[in-house]
Amino acid sequence: MDKLEIIGGRTLQGSVEVSGSKNASLPILASCILTNKVVLKNVPLVTDIQTMLNLLSSIGSKIKINHQNKTIKIDNSKKHKTVAKYQLVKTMRAGVLVLGPLLAKYGKATVSLPGGCSIGPRPIDLHISALKKMGAKIKIINGYIHATAKYGLKGAKINFKKISVGATENLIIAACMANGKTILTNCAREPEIKDLTNFLVKIGSKIRWINKRKVEIEGVKKLNNANYSIMFDRIEAGTLMIAAAATRGSLAIKKIQPRIINKEIDILKKMGVKIIEKKNKITVIGSKKLRGIKINTLPYPGFPTDLQAQIMVLMCRAIGNSKIQENIFENRFMHVAELNRMGADIKVKGKQATIIGNKKLSGAELMATDLRASASLVIAALASSEKSTINRIYHLDRGYEKMEKKLLKCGAHIRRVK
Ligand code: UD1
């Protein structure tokens, strides 16, 4: 298993380009089931994307990847099989996103339940109850969701009782080919969902955002072919911003839209980090005097849970204490034990973590536990002044494209060990 060896103490300098968004690519790839031929550009070639491509291939999609220019060609002209197997869904919860499009296009789908996840139980009850409102008959048998809609899905009015990114995406995709009009309220409004609806409109879907959390979709019988370029990865951008600040570096982060990461920019500025915003890039200039802060993770436009572990490292370096309330996932403080082993002083009580500031982090042998926790360990190792080894970085590889190569180019002392 690959490890990362990092010798901390170097500031991040120069410039770095952010890759395409993993969390936008996943639902867009699943939605391609609805149409024939699509060319997607700026797709990050990370393992979660490979898993989705394997899943699509396993049901009959023809896929060509051009590694050089990060383009994926998908040909769905052949009829799909409608079974998504456990082996392909178990490692990545987003596999469940094929449920909506398969059901909408073929009137049936058998998709493995995604299974457990280290950051919390992650149920899919919202996906299932909403699809039932659209006329699907759904049974759970032997760990599989068996869904049928003999005469096709029908438009419905659905109010999500809780905001869910995945449920909003699955239902928007399904509604594109349902009979009649669907109105979804209390939707998630993450930028990746807007990227998905922009793509779906490009292939001919009739989607209209009525207000920020309400969307109307008029089903159509057939969708078109298209080329589409995926938006930037705002979580990678945020991770790099925090890494630059934690190493007191000066780093230009390029190929982004700063307005989409307003909240993150604002929080870092409040902590004392200098950020210069331009049209498609920001420059982050770290400061020796960071202030502690209180953060609540919330659905967009709130502070993202996917940056909670990373910002915690910055809080360890601030003068004064900080607090984080994790409101999205139940078990998302697993990085705390590892950070405390590096000399941090973080206490967790239920949803709340208290981070004692002004702590010097030391190097250590570390264990990554999930995708974003691994990113926080990388930042902590860069910010310490000693050598660290991070094990199980397959978690990092799920969602960050060439992370160590990008950091190396910015002056980090980092190498992958096989
Ligand atoms: C997506 C992101 C993930 C991010 C998360 C929250 C992708 C591929 N993943 O995950 O990186 O951390 O949004 O921003 O885009 N819930 C239910 N029932 C459901 C569905 C969800 O109770 O049917 C709960 C979950 O347990 C969680 C909360 O709702 O507590 C939010 O989950 P959701 O927004 O669905 O996250 P994902 O789409 O899985």
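For the structure itself, consult the block above.
Residues numbered from 1 in each chain as written. Predicted model: local features only at pLDDT ≥ 70, side-chain atom pairs only at ≥ 80, totals over all residues. Heavy atoms only, no water.

Asker: A description of the overall build of the chain should follow, citing residues and the corresponding values.
Answerer: Of regular secondary structure, the chain possesses 14 helices and 24 strands. Projected onto its principal axes, the C-alpha coordinates of the chain cover approximately 65 × 45 × 40 Å. Scored against the burial criterion, the 418 residues of the chain give a buried share of 56%. Long-range pairs, those at least 24 residues apart, make up 72% of the contacts in the chain between residues at least 6 apart in sequence. Total accessible area computed for the chain in this model is approximately 17400 Å², and 51% of it derives from carbon and sulfur atoms. Taking the average location of the 74 positive side-chain charges in the chain and that of its 28 negative ones, the two points are 5 Å from each other. (Helix = DSSP H or I, 4+ residues; strand = E, 2+ residues; numbered from the N terminus. Buried < 20%, exposed > 50% of the residue type's maximum accessible area, 1.4 Å probe, protein only. Contact = heavy atoms within 4.5 Å. Areas by Shrake-Rupley, 256 points an atom, 1.4 Å probe, with all protein chains shown as cover. Lys, Arg positive; Asp, Glu negative; His and termini not counted. Charge placed at Lys NZ, Arg CZ, Asp CG, Glu CD.)

Asker: Give a detailed account of the pattern of salt bridges, specifying residues and quantitative values.
Answerer: Under the counting rule described, the total for this entry stands at 19 salt bridges. Between R415 and E5 there is a salt bridge, and its shortest N-O distance comes to 3.1 Å. You can see R415 sitting in strand 24 (residues 413-417) and its partner E5 sitting in strand 1 (residues 3-7), a full 410 residues away along the chain. Taking the shortest distance from any N to any O, the salt bridge between E17 and K255 comes out at 3.9 Å. Residue E17 is located in strand 2 (residues 13-17), and its partner K255 is located in the loop between strand 15 (250-254) and helix 9 (262-271); the two are separated by 238 residues in the primary sequence. Relative accessible area serves as the criterion here: at 47%, K255 is assigned to the partly exposed category. A cluster of three or more residues bridged by salt bridges with shared partners is formed by D2, D397, E404, R416 and K418. (Salt bridge = Lys/Arg side-chain N within 4 Å of Asp/Glu carboxyl O.)

Asker: Describe in detail the packing of helix 4 (residues 99-106) against helix 6 (residues 165-175), supporting the description with residues and values.
Answerer: Put simply, helix 4 and helix 6 touch, their axes get as near as 8 Å, and they point 15 degrees apart. In this view, helix 4 runs roughly parallel relative to helix 6, as classed from their interaxial angle. For the element pair helix 4 and helix 6, the recorded crossing hand is right-handed. Where helix 4 approaches helix 6, its residues L99, G100, P101 and A104 are matched on the opposing element by N170, I173 and A174. (Axes fitted to C-alpha atoms, helices over the stretch in contact; angles between N-to-C directions. Parallel < 35°, antiparallel > 145°, perpendicular 65-115°, else oblique. Left-handed = near helix turned anticlockwise from the far one by under 90°.)

Asker: Give me the site of the ligand: which residues, what numbers.
Answerer: Lining the immediate environment of the ligand, one finds 18 residues, of which R93, S164, V165, D306 and I328 sit closest. Take L126: an N or O atom from its main chain is 2.8 Å from an oxygen atom of the ligand. Here an oxygen atom of the ligand sits 2.8 Å away from a polar atom, N or O, in the main chain of G166. Looking at the shell around the ligand, the elements with two or more residues in it are helix 1 (22-31), helix 5 (125-133) and helix 6. The element contributing the most residues to the shell around the ligand is helix 5, with three residues. By residue class, the composition of the shell around the ligand is seven nonpolar, five polar and six charged. (Near = heavy atom within 4 Å. Polar contact = N/O pair within 3.5 Å; in protein donor to acceptor, adjacent residues only side chain to side chain. Nonpolar A, V, L, I, M, F, W, Y, C, P; charged D, E, K, R; others polar.)

Asker: Describe the sheet that holds strand 18 (residues 294-296), naming the residues involved and giving the relevant values.
Answerer: Across a sheet, strands are paired by hydrogen bonds formed along the backbone, either parallel or antiparallel in direction. With respect to topology, four strands assemble into an open sheet ordered 18-19-21-20, the strand pairing being mixed. Every other strand in the sheet has two partners, leaving strand 18 and strand 20 (345-349) as the edge strands with one partner each. The sheet shows a mean angle of 15 degrees between the axes of neighbouring strands, taken without regard to direction. Pairing geometry for strand 20 and strand 21 (residues 352-356), over five bridges, is antiparallel. The residue of strand 21 that forms the bridge with K347 is T354. Together, strand 18, strand 19 (322-325), strand 20 and strand 21 form the strand contacts of helix 10 (residues 308-317), whose direction differs from that of strand 19 by roughly 170 degrees. (Pairing = 2+ DSSP bridges.)

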